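# Geometric and topological summary
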Amino acid sequence: MDLFDYMRSTKMKQESPLAARIRPRTLDEVVGQEHIIGKDKLLYRAIMADKISSIIFYGPPGTGKTTLAQVIANTTSAEFKAINATAAGKKEMEEVITGAKNTLGMYGKKTILFIDEIHRFNKGQQDYLLPFVEDGTVILIGATTENPYFEVNGALISRSVIFELKPLSAENIRELIHRAVYDEERGMGSYKAEIDEDAMNFLADLSDGDARHALNAVELGILTTERSTDGLIHITLDVARECIQKRSMRYDKTGDNHYDIISAFIKSMRGSDPDAAVYYMARMLDSGEDVTFVARRIMICAAEDVGMADPRALQVAVSASLAAERVGMPEARIILAEAAIYVATAPKSNAVICAVDDALSTVRQTGNLPVPTHLQDAHYKGAAKLGHGIGYKYAHDYPDHYVEQQYLPYELSGREFYSPSGNGYEVKIDEHMKKLKKNAKKEDSAKKD
């Protein structure tokens, strides 16, 4: 490193955001994530013994993925290289690999390659790394906010240990805020600031487990608040509210949290919990989710989980979808909430989906079974000579507009696909079908007598 590089590095450390300056340098300074870096845990032991293998850190923003990578960098005797997948290309990776080979060959020293946001690498870029991870040229540390089992090359996954980081607790965030305000070496202690307890609690709560969000608010508050007559900068509840005006919502329309929230929304409607359904719907809408996406999920749930137990549920869901698209936000929230509550409180039955899935499975197993001749079309030329339609019984000519005859292919005679549940309208459907069949048998017996 030359003089200019040193001066640039020093200046960046001094002027970098608080969240970057106050990052822990050792394991003992790390706050939270005890489930993976507790003193009896694998990762703690591996770092302390300098026996790191390829690993991938997976978790929401602000939970310490990059922090843990830097702790490893400060602890290990290996060469440490870091790149960000949003900016790095194959050229940068080739340079790292060439350097790693030279370091290993000349000094017998391993190289740890930290790739932030590794999910941003395409398949080709990830494939390029594979042989060098496999032969030990580099030890990979990847960080991602996305589920690595979906976003990272399966071969890389199989050669790595996955560590999932959890959102930090409110107590964790409070500890970091206190450190940020009063640490004179790397925090804002030199500014002589004080933070009220209720302001600290407010920031810890609204940061929603994201340490970076809380620390950015602390920094903004200290830098923009005038000193009081006592010479101190007071971070009060009002100041905290101005600096973090909206809760940090972990909701990425293409990320894991998106699928977690929508999954909880659907399962809440299916589980007949209107309160949870409205809550998760509000989470999506507040994060800017498209109303049509929410409406589609309500329609699917109405068909899949309510079904014929309340056929009106699908009508309500479809109507709500059309109305929400035409009206738009914010009024669409009311329309969608009405539909979600209707579906959540409706009687439930999955008999319809069971019926169609069973039928599809049967079709795939049995192939194109012939339609019974009496059901075949008798209108086209020559059909009568082939016997098509002969013997068909017109249902409206019989009592209750019902007559028993073979409708399924003969090979599936007696097979039942739809079995009404004992819920909601399906009770009436079951009673109606049993009544029709019973009366038809009576009529048939009377004719025989």
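Data block above holds the structure.
Below is a summary of the structure that appears in this document. Since the model is a prediction, treat every value here as computed from it, not as a measurement.

## Digging into a negative patch on the surface
A grouping of Glu194, Asp196, Glu197, Asp198 and Asp230 is seen on the molecular surface, where their side chains present a negatively charged patch. Counting through the fold element by element, Asp198 comes out in helix α11 (residues 197–206).

## As for the packing of aromatic side chains
With the rule as written, the count across this model stands at four aromatic pairs. A ring pair is formed by Tyr279 and Tyr280, whose centres lie 5.0 Å apart and whose planes are at 70°; its orientation type is edge-to-face. Note on Tyr280: relative accessible area 22%, which makes it partly exposed. The residue whose ring lies beneath Arg241 is Phe202, and the NZ or CZ to ring-centre distance is 5.8 Å. Between the NZ or CZ atom of Arg297 and the centre of the ring of Phe293, over which it lies, the distance is 4.5 Å.

## Details of unusual backbone geometry
Of note, the bond from Met329 into Pro330 is cis; its omega dihedral lies within 30 degrees of zero at 10°. Take Pro330: it is sitting in the loop between α17 (312–327) and α18 (332–345). Of note, Glu117 is a non-glycine position whose phi angle comes to about 55°, a positive value. Assignment of secondary structure puts Glu117 in the loop between β3 (111–116) and α7 (123–134). The exposure class of Glu117 is partly exposed, given its relative accessible area of 24%.

## Digging into a nonpolar patch on the surface
On the surface, Met308, Val352 and Tyr425 cluster together into a nonpolar patch covering about 240 Å² of accessible area. A residue is classified by how much of its surface remains accessible, and Tyr425, at 43% relative accessible area, is partly exposed.

## Some details on the side chain of Asn172
Tracing the backbone shows Asn172 in helix α10 (residues 170–182). By relative accessible area, Asn172 is classed as buried at 12%. Non-local contacts of Asn172, meaning those with residues more than four positions away in its chain, are made with Val31, Gly32 and Glu34.

## Here's the deal with helix α16 (residues 291–306)
Structurally, the α-helix is built with 3.6 residues per turn, so residues lying three or four positions apart point the same way. The end-to-end C-alpha separation of α16 is 21 Å, in line with the 22 Å expected for 16 residues at 1.5 Å each. All buried positions along α16 are accounted for by Val291, Thr292, Phe293, Val294, Ala295, Ile298, Cys301, Ala302, Asp305 and Val306.

## A look at the sheet that holds strand β1 (residues 55–58)
Reading across from one edge, β2-β3-β4-β1-β5 is the order of the five strands in this open sheet, with parallel pairing throughout. Two strands in the sheet have a free side with no partner beyond their single neighbour: β2 (79–84) and β5 (161–164). Here the strands of the sheet are splayed against their neighbours by 15° on average, with no regard to which way each runs. For β3 and strand β4 (residues 138–144), the ladder comprises six bridges, and the chain directions are parallel. Across the sheet, Thr111 pairs through a bridge with Val138, a residue of β4. Across the face of the sheet, helix α6 (residues 90–107) comes into contact with β2, β3 and β4 while running at roughly 175° to β2.

## Examining the side chain of Ser54
Locating Ser54 in the fold gives a position in the loop between α4 (42–48) and β1. By relative accessible area, which is 7% here, Ser54 ends up buried. A polar side-chain atom of Ser54 sits 3.1 Å from the main-chain amide nitrogen of Leu140. Excluding its chain neighbours within four sequence positions, the residues that come into contact with Ser54 are Val133, Ile139, Leu140, Arg159, Ser160 and Val161.

## Looking at the packing of α6 against α7
Running from N to C, α6 and α7 point in directions that differ by 5°, and their axes come no closer than 11 Å. Taken together, the axis directions place α6 and α7 in an arrangement best described as roughly parallel. Across from Lys90, Met93, Glu94, Ile97 and Lys101 in α6, the residues of α7 making contact are Gln125, Tyr128, Leu129 and Phe132. Its residues assigned to classes, the contact of α6 with α7 comprises five nonpolar, one polar and three charged.

## A word on the pairing of β2
Along a regular strand, successive side chains alternate from one face of the sheet to the other. Summarising the sheet, β2 and β3 pair through six bridges and their orientation is parallel. Across the sheet, residue Glu79 finds its bridge partner in β3, namely Thr111. Assessed by its sense of winding, the connection that carries the chain from β2 through α6 to β3 is right-handed.

## What about the nonpolar core?
Counting 31 residues, the largest nonpolar core has Ile177, Ile195, Leu203, Val218 and Ile222 as its most contacted members. Excluding residues that lie within four positions of it along the chain, Ile177 makes contacts with Ile195, Met200, Leu203, Ala204, Ala214, Leu215 and Val218. In this structure, Ile261, Ile298, Leu336 and Ala339 belong to the second largest nonpolar core, which totals 28 residues.

Here is what the cut-offs are and how they apply
- Residues numbered from 1 in each chain as written.
- Predicted model: local features only at pLDDT ≥ 70, side-chain atom pairs only at ≥ 80, totals over all residues.
- Heavy atoms only, no water.
- Patch = residues over 30% accessible without salt bridge, like charges linked within 9 Å, V, L, I, M, F, W, Y side chains within 5 Å.
- Areas by Shrake-Rupley, 256 points an atom, 1.4 Å probe, with all protein chains shown as cover.
- Salt bridge = Lys/Arg side-chain N within 4 Å of Asp/Glu carboxyl O.
- Lys, Arg positive; Asp, Glu negative; His and termini not counted.
- Charge placed at Lys NZ, Arg CZ, Asp CG, Glu CD.
- Helix = DSSP H or I, 4+ residues; strand = E, 2+ residues; numbered from the N terminus.
- Phe/Tyr/Trp six-rings, centres within 6.5 Å; stacked < 30°, edge-to-face > 60°.
- Buried < 20%, exposed > 50% of the residue type's maximum accessible area, 1.4 Å probe, protein only.
- Lys NZ or Arg CZ within 6 Å of the ring centre and 35° of its normal.
- Contact = heavy atoms within 4.5 Å.
- Expected span 1.5 Å × (residues − 1).
- Pairing = 2+ DSSP bridges.
- Axes fitted to C-alpha atoms, helices over the stretch in contact; angles between N-to-C directions.
- Polar contact = N/O pair within 3.5 Å; in protein donor to acceptor, adjacent residues only side chain to side chain.
- Parallel < 35°, antiparallel > 145°, perpendicular 65-115°, else oblique.
- Nonpolar A, V, L, I, M, F, W, Y, C, P; charged D, E, K, R; others polar.
- Right-handed = clockwise from strand over helix to strand, strands pointing away.
- Core = buried A, V, L, I, M, F, W, Y, C linked by side-chain atoms within 4.5 Å.

Any link to function would need more than the numbers given here.
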